[in-house]
Structures are given as C-alpha cells and as structure tokens.
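Listed here are the chains, written in short residue letters.
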Amino acid sequence: WDNADFSRGVGTTFYQEFSTLNTAKPPFVRDVEAKVRRYLRSSYSAAWTLKITWEKAPAYAAWTDTRKTITYQAVLTTDGFRSYILMLYQDGGMQWDYTRLTSTNVLIGYT
C-alpha cells in the first residue's frame, strides 16, 4: 500500500472488531469465512475478526490533489490456530494516479 494522507481533512479510517468465539456470527463474519473457505479450499470457523476501512483516502501528499480518493479494507481473521488477511479494494481497484505519487514502485497487495 502507498501512504494515505488525511492531513487535509479528506477521508477517514475506522475499524470494527468481531469476537465470535462461542457467539452468533454476524453476516460479515460469515462472508469472511466463506471467502477463506472458497479461496483456500479448507474448513474455517473464525474466532476473531477485525475489519479496518480507509474511506475516501487521498494519496500522500494530499496537498497536491485530494480529488482522487480510494476506499479499501484490510480484514484480519483467525480461528486461534490459523490467521488470514483479506485485502479488499473498491470496484475498479486502486484509483490513485500512480504517476503523481512520491514513490514510483507501486504495488497493489503484498509480496
């Protein structure tokens, strides 16, 4: 991920924790479990999940342009033995203009 810059008052970051050990699971957690099962073809039952959302985040440095923003999420989840992270981007993927970023070696995701 590149640096988001919230210094101009554009965009926000928030999170929601789901502790689901021995409790009913909300639809969001059931969806996460289904994604892990589908992508990894294994059984999975989440005991804890954390959703972090960067909403309408402008690229660093925001003083140059705050019109191009993106919304993306990181979802961390574990069953107590195995842990996973889902990296979710708004439809259309990364919307920042990479030619205007301070770093030119841009990568969506992880290696």
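As shown above, the structure is provided for reference.
Owing to the predicted nature of the structure, the values given are computational and were not obtained by experimental measurement.

Participant: Can you help me understand the overall build of the protein in this one?
Facilitator: Counting its secondary structure elements, the protein contains one helix and four strands. Ordered by position in the sequence, the α and β elements of the protein form the string β-α-β-β-β. By the burial criterion, 32% of the 111 residues in the protein qualify as buried. Partitioning the contacts of the protein with sequence separation of at least 6, the portion at a separation of at least 24 is 61%. Surface accessibility of the protein: about 7400 Å² in total, with carbon and sulfur atoms responsible for 52%.

Participant: Got a minute to help me understand the packing of aromatic side chains in this structure?
Facilitator: The geometry of two aromatic rings is summed up by the distance between their centres and the angle between their planes. Summed over the entire model, instances satisfying the criterion amount to four aromatic pairs. Arranged with centres 5.3 Å apart and planes meeting at 85°, the rings of Tyr44 and Tyr84 form a pair that is edge-to-face. With a gap of 40 residues between them, Tyr44 in the loop between helix 1 (27–40) and strand 2 (48–58) and Tyr84 in strand 4 (residues 83–89) connect regions that are remote in the sequence. Taking relative accessible area as the criterion, Tyr44 reaches 2% and is therefore assigned buried. Residues Trp54 and Tyr72 carry aromatic rings whose centres are separated by 5.0 Å and whose planes lie at 15° to one another, so their mutual orientation is stacked. In this pair, Trp54 sits in strand 2 while Tyr72 sits in strand 3 (residues 69–78), placing the two residues 18 residues apart along the sequence. Pair check on accessibility: Trp54 and Tyr72 agree, each one buried. Grouped by ring-pair contacts, the aromatic residues Trp54, Tyr72 and Tyr89 constitute a single cluster. Of note, Lys51 hangs over the ring of Phe28, and the distance from its end group to the ring centre comes to 4.4 Å.

Participant: Please explain unusual backbone geometry as it appears in this structure.
Facilitator: Most of the time, phi is negative for any residue but glycine, and the peptide bond is trans. One non-glycine residue with positive phi stands out, namely Arg41, at about 50°. By the secondary structure assignment, Arg41 is in the loop between helix 1 and strand 2. Given a relative accessible area of 77%, Arg41 falls into the exposed group. At Lys56, a residue that is not glycine, the phi angle is positive and equals roughly 50°.

Participant: Help me understand the pairing of strand 2, please; the structure alone is not making it clear to me.
Facilitator: Burial within strand 2 is extensive, with eight of its eleven residues counted as buried. The pairing of strand 1 (residues 12–19) with strand 2 spans eight bridges and is antiparallel. Within strand 2, the residue paired with Glu17 across the bridge is Leu50. Across nine bridges, the pairing between strand 2 and strand 3 is antiparallel. Bridge assignment links Ala57 to a residue of strand 3, and that residue is Ile70.

Participant: So what exactly am I meant to see when it comes to the environment of Asp79 here?
Facilitator: Note on placement: Asp79 falls in the loop between strand 3 and strand 4. Contact partners of Asp79, with chain neighbours within four places excluded, come to Tyr44, Ser45 and Ala47.

Reading the values: rules and limits
- Residues numbered from 1 in each chain as written.
- Predicted model: local features only at pLDDT ≥ 70, side-chain atom pairs only at ≥ 80, totals over all residues.
- Heavy atoms only, no water.
- Helix = DSSP H or I, 4+ residues; strand = E, 2+ residues; numbered from the N terminus.
- Buried < 20%, exposed > 50% of the residue type's maximum accessible area, 1.4 Å probe, protein only.
- Contact = heavy atoms within 4.5 Å.
- Areas by Shrake-Rupley, 256 points an atom, 1.4 Å probe, with all protein chains shown as cover.
- Phe/Tyr/Trp six-rings, centres within 6.5 Å; stacked < 30°, edge-to-face > 60°.
- Lys NZ or Arg CZ within 6 Å of the ring centre and 35° of its normal.
- Pairing = 2+ DSSP bridges.

It is worth stressing that arrangement in space is one thing and function is another; only the former is reported here.
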